[in-house]
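Observations on chain architecture
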Amino acid sequence: MLHNPETQHLWGNQFGFIQVSIPKLYKSDHTFNPLKFVYEVHATVKRNRSSWAIYLTGMLLECLRKYRGTQVAAKFLHRIQKNASMGLTSMMGPVEKMAASNQPIKGLYVMIFNVPQSYKVTVMSYMNQLRVVLGTEKGVIDPQKLKRCILEAYDMINKASL
């Protein structure tokens, strides 16, 4: 499986990151349109995702790890992520049902801890079902208020799309 030349994907842990500035959305704006905001963010992420910056940062991290060691690469990555307010992790999970000690696993969630961001989002698939996990730094972001804001934003986008 690892040495199959027909394989379209790289196996193992692959790491890359992009930094995206999300545009601001103001309700008081007379041209308030949630769908336009979603399309703007989507276009920005898509543009950045297909840029050479992804490949160059991945190669830089790999070179740092290979020639200077894992600790140097980790410090470099931590310094960059320290300046971000939010981190988003995306991971493809298993498509077949897993079991631990002959007990089937119904759901699988992953959350990354000990990162410098105050707000973390993890998106993962398990058995072709999408799982989204949100995490906030204690005392910095009120989880209930965040939940209300996300639901309100979802409702606004849903109403605008209908």
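Details of the structure are given in the entry above.
The paragraphs below set out a description of the structure included in this document. (Residues numbered from 1 in each chain as written. Predicted model: local features only at pLDDT ≥ 70, side-chain atom pairs only at ≥ 80, totals over all residues. Heavy atoms only, no water.)

**Some remarks on the packing of helix α2 (residues 52-68) against helix α3 (residues 70-81)**
Packed helices, taken two at a time, are described by the angle between their axes plus the distance between the axes. Note the following rule: The convention used is that axes are lines fitted to C-alpha atoms, helices contributing only their stretch in contact, and that angles between N-to-C directions extend from 0 to 180 degrees. Helix and strand definitions follow DSSP, with helices as H or I runs of at least four residues and strands as E runs of at least two, each counted in order from the N terminus. In this description, contact between two residues means that some pair of their heavy atoms is separated by no more than 4.5 Å. Any residue that is not Ala, Val, Leu, Ile, Met, Phe, Trp, Tyr, Cys, Pro, Asp, Glu, Lys or Arg is counted as polar, Gly included; the first ten are nonpolar and the last four charged.
It is the contact of α2 with α3, at a shortest axis distance of 6 Å, that shows an interaxial angle of 145 degrees. The residues of α3 that touch α2, namely those facing Leu60, Leu61, Leu64, Arg65 and Arg68, are Thr70, Val72, Ala73, Phe76 and Leu77. Here the contact of α2 with α3 is built from residues that sort into seven nonpolar, one polar and two charged.

**A word on the pattern of salt bridges**
Spelled out, the test is: Think of a salt bridge as a Lys or Arg side-chain nitrogen and an Asp or Glu carboxyl oxygen that are within 4 Å of each other. Each residue is placed in one exposure class: buried if its accessible area under a 1.4 Å probe, protein chains only, is under 20% of its type's maximum, exposed if it is over 50%, and partly exposed if it falls in between.
A full pass over the atoms with the stated rule returns one salt bridge. The shortest N-O distance in the salt bridge between glutamate 62 and arginine 65 comes to 2.4 Å. Of this pair, glutamate 62 and arginine 65 both sit in helix α2, three residues apart, which is roughly one turn of the helix. Since its relative accessible area comes to 36%, glutamate 62 is described here as partly exposed. By relative accessible area, arginine 65 is classed as partly exposed at 40%.

**Description of the sheet that holds strand β1 (residues 86-91)**
Operational definition: Pairs of strands are assigned from DSSP output, requiring at least two bridges between the strands.
In spatial order, the strands read β1-β4-β5; together these three strands make up an open sheet with mixed pairing. Across the chains shown, the open sheet's two edge strands, defined by having one partner strand only, are β1 and β5 (129-136). Direction aside, the axes of adjacent strands within the sheet are offset by 15 degrees on average. Where β1 meets strand β4 (residues 119-126), six bridges bridge the pair, whose relative direction is parallel. Looking at the pairing, leucine 88 lines up with valine 121 of β4.

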